[in-house]
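# Tertiary structure, described
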Amino acid sequence: MKYFAKIKYLGTNFHGFQVQPEKRTVQGELCAAMNAVFGVPCRVTGCSRTDGGVHANEFCLTIDNDGGTIPPDKLPLAIARFLPEDICLFYAKECDSEFHPRYDAKGKEYLYRILNTKVQDPFETNRAWFLPRIISDEGLERMREAAKYIIGEHDFSAFMAAGSDTDDTVRVVDYIKIERNGDIIELRIHANGFLYNMVRIIVGTLVYVSEGKIDPLKIKDIINAKDRTRAGKTAPADGLYLEKVFI
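Each chain carries its own residue numbering, running from 1 in the written order of its sequence. Owing to the predicted nature of the model, reporting of local features is limited to residues with pLDDT of at least 70; listing and counting of side-chain atom pairs is limited to 80 or more, with chain, interface and lining totals taken over all residues. As a rule here, side-chain values cover all heavy atoms of the structure and leave hydrogens and water aside.

### Considerations on the overall build of the protein
Numbering of helices and strands runs from the N terminus, with a helix taken as a DSSP run of H or I at least four residues long and a strand as a DSSP run of E at least two residues long. Helix and strand counts for the protein come out as 5 helices and 10 strands. This radius of gyration counts C-alpha atoms alone. The globule rule is 2.2 Å times how many residues there are, raised to the power 0.38. Against the globule reference of 18 Å for 247 residues, the protein gives a C-alpha radius of gyration of 19 Å, in line with a compact fold. Referenced to the eigenvectors of the C-alpha coordinate spread, the extents of the protein come out at roughly 60 × 40 × 30 Å. The burial tally for the protein puts 51% of its 247 residues in the buried class. By the convention used here, residues are in contact when the closest approach between their heavy atoms is within 4.5 Å. Put simply, 70% of the contacts in the protein that link residues at least 6 apart link residues at least 24 apart. Taking the average location of the 33 positive side-chain charges in the protein and that of its 35 negative ones, the two points are 2 Å from each other. Summary of the burial criterion: residues with accessible area below 20% of their type's maximum are buried, those above 50% are exposed, and those between are partly exposed, where the area comes from a 1.4 Å probe applied to protein chains only. His residues and chain termini do not enter the charge count, which takes Lys and Arg as positive and Asp and Glu as negative. Charged groups are reduced to one reference atom each: NZ for lysine, CZ for arginine, CG for aspartic acid, CD for glutamic acid.

Next up, the structure:
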């Protein structure tokens, strides 16, 4: 049986999702837990790689093996006692043997959280980007204006980490929503796919816009230039959450 499953995890103590030698990863922990539950080696395939420190509220994956079966509705409880406290598998169902959680995904929504206050909140440590330079309401509006030029189908080479080996750099961004809730500024970005560090570079660039370092109208020039050095800094990983995957 091949399962489609959803997990959530706190990424602080992981070196990303994908298995890496000598490092703690989400995929590594899941494989160990699945092997214990099913009694046979399991293959866990994720919808994204996610960097170290990045969190997920809804991460999709598949699980398959060459032997053991458990009813899908029983799997979340069966696996719970084998998973560490920073991972939770909360949904599972049987899926087609050809289904792939990455290539069959129609889109993803990421959430980025900025703690915008003069003093650090210990309950937000490693869960939001602490930015003590207060973004004014005018700065927030500048961010929203700049975001309009990011929406649509573009070559996002300027918003991809330097050294990435991706040849296809065209993506479609459907929306960017920016809201302030108390001391937290939330940015939600939905696209049909994302390049390496794309969301974090977009966020860093929009923060530069809020500070007057980049004019909102220059976003069009940055995109057209396809030059990473023209965009803003890469925002820290700990403010980023994979919020939802659209299958």
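### Brief notes about helix α5 (residues 218-225)
Since the α-helix packs 3.6 residues into each turn, any two residues three or four apart lie on the same face. The set of residues buried in α5 consists of Ile 219, Ile 222 and Ile 223. Projection of α5 onto a plane perpendicular to its axis shows the buried side chains occupying an angular sector of 95 degrees, all on one side. Those residues of α5 that are buried are in contact with α3 (137-148), β7 (152-155) and α4 (198-210). Trailing α5 by a residue or two, Lys 226 shows a phi angle of about 55 degrees, which is positive. The arc in question is traced by the directions running from the helix axis to the C-beta atoms.

### A word on the layout of surface pockets
The space that makes up the largest pocket amounts to roughly 890 Å³. Lining the largest pocket we find 28 residues, and of these Ser 48, Arg 102, Phe 194, Leu 195 and Tyr 196 sit closest to its centre. For the lining of the largest pocket, the secondary structure elements donating two or more residues are β5 (107-115), β8 (170-181) and α4. For the lining of the largest pocket, the class distribution of residues is 12 nonpolar, 8 polar and 8 charged. Within this model, the second largest pocket holds a volume of roughly 160 Å³. For each structure, a 1 Å grid was placed over the protein atoms alone; sets of points admitting a 1.4 Å probe that cannot get out are labelled cavities, open sets with protein on both sides within 12 Å along at least five of seven lines are labelled pockets, and lining residues have an atom within 4 Å of a point. Contributing to the lining of the second largest pocket are Phe 17, Gln 18, Gln 27, Val 44, Thr 45, Gly 46, Cys 47, Ser 48, Arg 49, His 100 and Arg 102. Counting residues per element, the lining of the second largest pocket draws most heavily on strand β2 (residues 42-46), which supplies 3 residues. Classes in brief: Ala, Val, Leu, Ile, Met, Phe, Trp, Tyr, Cys and Pro nonpolar; Asp, Glu, Lys and Arg charged; the others, Gly included, polar. For the lining of the second largest pocket, a count of residues per class yields 3 nonpolar, 6 polar and 2 charged. Grid points are joined across faces, edges and corners, and a volume is the space filled by probe spheres set on the points.

### Let's talk about the environment of Tyr 91
Secondary-structure assignment places Tyr 91 in strand β4 (residues 87-94). With 49 residues separating them along the chain, Tyr 91 and Leu 140 place their C-alpha atoms 37 Å apart. Discounting residues that sit within four places of it in the chain, Tyr 91 has contacts with Phe 4, Ala 5, Lys 6 and Pro 76.

### A few points about the pattern of salt bridges
A pairing counts as a salt bridge when a side-chain nitrogen of Lys or Arg comes within 4 Å of a carboxyl oxygen of Asp or Glu. Applying the stated criterion to the full structure yields 19 salt bridges. A salt bridge links Glu 58 to Lys 244; the shortest N-O distance between them is 3.9 Å. Highlighted residues: Glu 58 in strand β3 (residues 55-65) and Lys 244 in strand β10 (residues 240-246), separated in sequence by 186 residues. Overall, Lys 244 belongs to the partly exposed group, its relative accessible area being 33%. Between Asp 155 and Lys 226 there is a salt bridge, with the nearest N and O atoms lying 3.8 Å from each other.

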